[in-house]
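Geometric and topological summary
Each chain, written out:
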Amino acid sequence: MIHWTPLPEELIFSQQDDSLPAIHETIVDGVSLLVQQDGDAFRVVRLLSTDPAHFLDPRFQPGNVIMSSK
């Protein structure tokens with residue numbers, strides 16, 4: 001979809017829903033992941049790695065919970 005306007009992008013797309021938990025990029029065991037804070041742990045949202053072997057590892061499946069190391 002194309003949106004033609006003289007308005008700056010910041011005025012059009014500046015609204016963010018703060019009710020949703022923030023998604024962060026992190027590296028776990030050398031694998032890039034997008035994770036979402038879930039209490040004291042992180043829930044995998046997306047695997048960013050390009051290594052096919054990482055997609056076969058059940059630890060990095062979306063929805064899996066990774067405990068934070070505090």
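What you see as residue numbers is a count from 1 along each chain, following the sequence as written. Totals for whole chains, interfaces and linings use every residue, but because this is a predicted model, local features are given only for residues with pLDDT of at least 70 and side-chain atom pairs only at 80 or more, for both listing and counting. Heavy atoms throughout the structure, all of them, feed into the side-chain values; hydrogens and water do not.

1. Quick notes on the nonpolar core
- Among the nonpolar cores identified, the biggest contains seven residues, and these are Val31, Leu33, Val35, Val44, Leu47, Phe60 and Ile66.
- When contributions to this core are tallied by element, the ones reaching two or more residues are β2 (31-38) and β3 (41-47).
- Of all the elements, β2 adds the most residues to this core, at three residues.
- Any two residues whose heavy atoms approach within 4.5 Å at even a single point are treated as in contact. Look past the residues within four positions of Val44 in its chain and what remains in contact with it is Leu33, Leu34, Val35, Arg59, Phe60, Gln61, Pro62, Gly63, Asn64 and Ile66. What is meant by a nonpolar core is a set of buried Ala, Val, Leu, Ile, Met, Phe, Trp, Tyr and Cys residues, joined one to another through side-chain atoms within 4.5 Å. Between buried and exposed lies partly exposed: a residue is buried under 20% and exposed over 50% of the maximum accessible area for its type, with that area taken using a 1.4 Å probe on protein chains only. A run of H or I in DSSP counts as a helix once it spans at least four residues, and a run of E counts as a strand once it spans at least two, with each numbered from the N terminus.

2. Details of unusual backbone geometry
- We note that Asp29 has phi near 50°; this positive angle belongs to a residue other than glycine.
- Structurally, the position occupied by Asp29 is in the loop between β1 (23-28) and β2.
- Note on Asp29: relative accessible area 60%, which makes it exposed.

3. Thoughts on the sheet that holds strand β4 (residues 65-67)
- One open sheet accounts for four strands, arranged β1-β2-β3-β4; its pairing is antiparallel. Looking at strand neighbours, the two that pair on one side only are β1 and β4, the edges of this open sheet. Neighbour to neighbour, the strand axes of the sheet diverge by 45° on average, direction disregarded.
- Sheet analysis places β3 next to β4, joined by three bridges and oriented antiparallel. In the sheet register, Ala41 faces β4, and the bridge partner there is Met67. DSSP-based pairing: two strands are paired if at least 2 bridges between them are found. For every element, the axis is a line fit to its C-alpha atoms; helices are fit only across the contacting stretch, and the angle between N-to-C directions ranges from 0 to 180 degrees.

4. Overview of the pattern of salt bridges
- A pair is scored as a salt bridge if a Lys or Arg side-chain nitrogen falls within 4 Å of a carboxyl oxygen belonging to Asp or Glu. For the structure on display, the rule yields three salt bridges.
- Residue Arg59 pairs with Asp29 through a salt bridge whose shortest N-O separation is 2.7 Å. On the criterion of sequence distance, the pair formed by Arg59 in the loop between α2 (52-56) and β4 and Asp29 in the loop between β1 and β2 is long-range, its members being 30 residues apart.
- Residue class for Arg59 comes out partly exposed when judged on its relative accessible area of 41%.
- The partner of Asp38 in a salt bridge is Arg43, with the nearest N and O atoms 2.7 Å apart.
- Classification of Arg43 by relative accessible area gives partly exposed; the value is 31%.

5. A short note on the environment of Pro62
- Position of Pro62 relative to the elements: it lies in the loop between α2 and β4.
- By relative accessible area, which is 59% here, Pro62 ends up exposed.
- It is 9.2 Å that separates the C-alpha atoms of Pro62 and Leu34, two residues lying 28 residues apart in sequence.
- The contact partners of Pro62, leaving out residues within four places of it in the chain, are Val44 and Val45.

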